[in-house]
Structure formats: C-alpha cells, structure tokens
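Single-letter residue listing:
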Amino acid sequence: MNLKSKLPPGFQKYASFGIIPKIILLPFALITVTGFALFRPLILIQIHKVIDWRIGHFTTNSEITRLKTIDYNNHHAKKLLTIYYFGSKVPSNNFLREIWTRNLPSVHGHWGWLLNAITSKLANMNSSTDSTNIDLSGLLLSENKPILALKRKHRSEIDLIKNLCNGDSFVCLNVRDSAFMSATRKRDMSYHNYRDSDISTYVKAAEVLAEMGYTVFRMGAIVKEPLISKHPRVVNYATNGMRTEFLDIFLGAHCTFCISTGSGWDSVPTIFRRPIMLVNHLPTFETSTITLPITIYPKLLMETKSPITLSIKALTERNLATPHNSAAYADAGVQIRDLSSEELVEAVTEMAQRVEGTFVETPEQKEMQAKLKHILSTHPKLQPTPNYYPIRAEFASCFLSRYPNFLD
C-alpha cells in the first residue's frame, strides 16, 4: 500500500518533500543527538555530510575525512567516531556509494538529514564545514592504505579488462571537455571552459604509450568526441559501450598510472594512490593539486599574439596563478594555449619513465625543480604563511626545460 496516496492532497505535497516523515522522526533524532552529547566524556561522535553528487569531492573529501578520523584516534586517548551522511538521491557514482557505505558508519534518507541538520547547529558535533580536497597534512601520503575493496561479483567486467589488456599494464587517459557539465547542470557552466582540451591532440600520446606496451583507456561518462585511433591498445572506453560505474572506479583504482587534465574523475586514482600526471592543467597552481605527489605540465599562458610563456612572477602579479573562471584570463588579456601533440608525447613519455624508474633528471632540471619548489613554498600570493601548503607536486622536467623563463 502506498501510504502517501491515502493522504489528503494537501498532506501529499508535504509528504513528497519528506516533511511528514521528518516530523515523525524528529523526536528520535533529538534523543539520538542528546545521546551523542552524553557520551562525549567517553567518545566524540560527529556527523559528516558527504558531497556525493560530485565525484571529485565524493572521493577525495571523503577519504581525507576518513584519514583525519584515523589520525585523531592515533593521537588522542578519547576516540572519535565519524558517521557519514549520504544525502543525494542520485549520487555521482552508485558503486562508489555502495563501497563507501560498506566500509564507513553511515546514515541515509530522512534520518540522516535530521541528524546532520541538528548536529550542524551544535559545536563540535558536525564536521561537514571542514570537508576539503586539500591534503594539507599529507594524509593521502600516510601509511593508511585505501579501504575500498572491489567485490568479486563484478568478475565478468574485470575479466573484460584483463582480456583487453592481455595481462599487460594499462593507463587511464582523462581529458575534460564541456559535454558532461552541459548535460548534467541546469545552469551555464561555460566559465569552466578554460579547463577543456581537444581529444584529437592526445591521439599520438596515447599511441606512443600503446607502443610502449600499455593499454590506454580513454575515460569519461559524457564526452564531446571519441578518441579516434586504429591502434588495438587504445580503447575508447568513454564511447564504445563498455563503460559502467563499477569500471569507472576499477580502472582508476588499478591503472599503472593516470594521465588527466584535472577533473573530478582523477580523484579516483588519487584516493587509490595511483601515480598521476596532469597535462593541460589550469589553474597552474591549484592548491588541491600542488599539495599532492603528482606531476604537472600546465597549459601555457601568454600575452595575446605573443609566443612567450608568462613567468611565475607575471602570473602572480596579475592574479593568474589560481583563477577558476575563463573570464579572468580573458580580462587580463592572456591567451591560453593547449599543449601540442608533440608536447603531450614528451609529457607522457616522461611520466612512463618516472613510473618505470628509468627517468633520469639532469642536474639543470633538478636545480629548476628545487627553485620552483622554493618559490611555491614561500610566495606570499601562493601561501598565507611560508610552507603553509606543503608542495608535494613536481612540474614535468620536460616542461621546465622547454620553458625555462617560467621560473623568471
């Protein structure tokens, strides 16, 4: 029986918004939160609202919160219990929510909504405002391993990947374009277009990796154009019909390394501690990326109609180090140039060598890396205080060698 259909029309409207069940559950939620308060001499209990409608925050923010709880319990006698509230009716990845809820204490629905709403009004009982994708304390570098296990019930999908790879290593290629945001957001998201790339410029890089023995999976849920290549090791996973929410997670969790332009999905290999190179990346010094142990080859910023790449000094003086809006670059009279196919080949080759342990940095490149790290660690426009944000990222050595004036 559908109880809602038996209610008078006026009450049906309120039931649709969940008001009636919330009213019914409210006294029990208040009692529960009171219990949290009474137990505080013995254990600290907090509710954390998971940002599960955006896969980037769904992964990294959740993992950092989990590790913060572990870190707290390792250093305090009184233990902390974090209960995770999953509130979206349609999460960004259903499989990811399944494995998070399997591994974390969690609440859902009207009950979770009430506990989150009540604790958010009380001091020290809700950590949602502290949710972050910035690895300030190095939590993703700690000895804590990922806890998300991928169940054997997806064996057929795993076997499909193994057969495509023929037992060899594989690489995930994630290239952002505007198709996903246009299809999934009601408002205009074109201010993010400065992050987009043309997939056709990545064909040579993908084929070079394929010739090195890697199977390359082009990732993406909704994309503008397919990656067109005749190489048997280049798999256009995003458009060939094999994509599933499980494989979106599995591939990111098990890839040998990931090449990405910097979008929400690359947080999947991040939380599984897979090596990552960001190419065509903007903003150049995005805090959530430079605090991770990744390699970066950014998009090139230059004066309009000028072939000279802007230096760090020029970027910071003109407030172009971390803008998140296409208009900021246009208003500053700056041209954004994507990497050429040759530069992308150079970048992915370096990344493969880094992962394989065969990359040899020249003394000049080591000196440039040290100088760059010092600038990023101490620059007053990039740091609230020196070394506040630990710099764990490196910029591709081939980028520094090709554009030495970047450090001027």
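As a starting point, this report considers the structure included with it. (Residues numbered from 1 in each chain as written. Predicted model: local features only at pLDDT ≥ 70, side-chain atom pairs only at ≥ 80, totals over all residues. Heavy atoms only, no water.)

By the secondary structure assignment, threonine 59 is in helix α3 (residues 55-75). Judged by relative accessible area, threonine 59 falls into the buried class, the value being 1%. Sequence-distant contacts of threonine 59, that is, excluding residues within four places in its chain, are made with Leu96, Trp100, Ser267, Val268 and Ile271. (Helix = DSSP H or I, 4+ residues; strand = E, 2+ residues; numbered from the N terminus. Buried < 20%, exposed > 50% of the residue type's maximum accessible area, 1.4 Å probe, protein only. Contact = heavy atoms within 4.5 Å.)

Moving on, we get to the side chain of threonine 291. Among the structural elements, threonine 291 can be located in the loop between α11 (287-290) and β9 (295-298). Overall, the relative accessible area of 0% leaves threonine 291 in the buried class. From its side chain, threonine 291 meets the backbone oxygen of threonine 287 in a polar contact 3.0 Å long. The residues touching threonine 291, leaving out its near neighbours within four places in the chain, are Ile134, Asp135, Tyr389, Pro390 and Arg392. (Polar contact = N/O pair within 3.5 Å; in protein donor to acceptor, adjacent residues only side chain to side chain.)

We now examine the pairing of strand β7 (residues 257-260). Side-chain direction in a regular strand flips from residue to residue, so the side chains alternate between the two faces of the sheet. Burial along β7 is two-sided: Phe257 and Ile259 and Cys258 and Ser260, pointing in opposite directions, are all buried. Pairing of strand β4 (residues 170-174) with β7, which is carried by four bridges, proceeds in the parallel orientation. Bridging across to β7, asparagine 174 finds its partner in serine 260. Relative to strand β8 (residues 276-281), β7 runs parallel, the two being bridged by three bridges. Its bridge partner being in β8, isoleucine 259 is matched across the sheet by methionine 277. (Pairing = 2+ DSSP bridges.)

A word on the packing of aromatic side chains. Working definition: an aromatic ring pair is given by the centre-to-centre distance plus the angle between the planes. Evaluated as defined, the whole model comprises 14 aromatic pairs. Considering the side-chain rings of phenylalanine 285 and phenylalanine 395, the 5.8 Å spacing of their centres and the 50 degrees angle between planes classify their relative orientation as tilted. Taken as a pair, phenylalanine 285 in the loop between β8 and α11 and phenylalanine 395 in strand β12 (residues 394-395) lie far apart in primary sequence, 110 residues in all. Judged by its relative accessible area of 1%, phenylalanine 395 falls in the buried class. Cluster of aromatic residues (ring-pair linked, three or more members): Phe285, Tyr297, Phe395, Phe399, Tyr403 and Phe406. Between the NZ or CZ atom of lysine 22 and the centre of the ring of tryptophan 113, over which it lies, the distance is 4.8 Å. (Phe/Tyr/Trp six-rings, centres within 6.5 Å; stacked < 30°, edge-to-face > 60°. Lys NZ or Arg CZ within 6 Å of the ring centre and 35° of its normal.)

In this structure, phenylalanine 28 sits in helix α2 (residues 19-38). Overall, the relative accessible area of 51% leaves phenylalanine 28 in the exposed class. It is 46 Å that separates the C-alpha atoms of phenylalanine 28 and asparagine 174, two residues lying 146 residues apart in sequence.

Turning our eyes to something else, we now look at helix α14 (residues 341-356). The terminal C-alpha atoms of α14, which comprises 16 residues, lie 22 Å apart, in line with the 22 Å expected from a rise of 1.5 Å per residue. Turning to α14, its buried residues number three or more, namely Ser341, Glu343, Leu344, Ala347, Val348, Glu350, Met351 and Ala352. At the exit of α14 stands glycine 357, carrying a positive phi of roughly 80 degrees. (Expected span 1.5 Å × (residues − 1).)

A few words now on the pattern of salt bridges. Under the counting rule described, the total for this entry stands at 16 salt bridges. Of the charged contacts, one joins glutamate 343 and arginine 337 as a salt bridge, the two residues approaching to 3.4 Å between their closest N and O atoms. Residue classification places glutamate 343 among the buried residues on the basis of a relative accessible area of 2%. The exposure class assigned to arginine 337 is partly exposed, which follows from its relative accessible area of 26%. Across the pair arginine 402 and glutamate 346 runs a salt bridge whose closest N-O atoms are separated by 3.3 Å. On the criterion of sequence distance, the pair formed by arginine 402 in helix α16 (residues 397-402) and glutamate 346 in helix α14 is long-range, its members being 56 residues apart. Via salt bridges that share partners, Arg337, Glu343, Glu346 and Arg402 belong to a single interconnected network. (Salt bridge = Lys/Arg side-chain N within 4 Å of Asp/Glu carboxyl O.)

The next thing to look at is the sheet that holds β9. Strand order in the open sheet formed by seven strands is β6-β5-β4-β7-β8-β9-β12, with parallel pairing between adjacent strands. With partners counted over all chains shown, the strands left at the sheet margins are β6 (234-235) and β12, one partner each. Relative to β6, strand β5 (residues 215-218) runs parallel, the two sharing two bridges. Bridged to valine 216 within β6 is valine 234. Together, β7, β8, β9 and β12 form the strand contacts of α14, whose direction differs from that of β8 by roughly 165 degrees. (Axes fitted to C-alpha atoms, helices over the stretch in contact; angles between N-to-C directions.)

Side chains of a nonpolar character, in soluble globular proteins, are inclined to be buried together. Within the largest apolar cluster, 97 residues are counted, with the highest numbers of intra-cluster contacts made by Phe217 and Phe406. Among the elements that make up this core, the one with the highest residue count is helix α9 (residues 245-254) (six residues). If sequence neighbours within four positions are ignored, phenylalanine 217 has contacts with Ile161, Leu164, Cys165, Phe170, Val171, Cys172, Leu173, Val235, Tyr237, Met242 and Leu251. Ranked by size, the runner-up nonpolar core spans 12 residues in total, among them Ala29, Phe36, Tyr85 and Met125. (Core = buried A, V, L, I, M, F, W, Y, C linked by side-chain atoms within 4.5 Å.)

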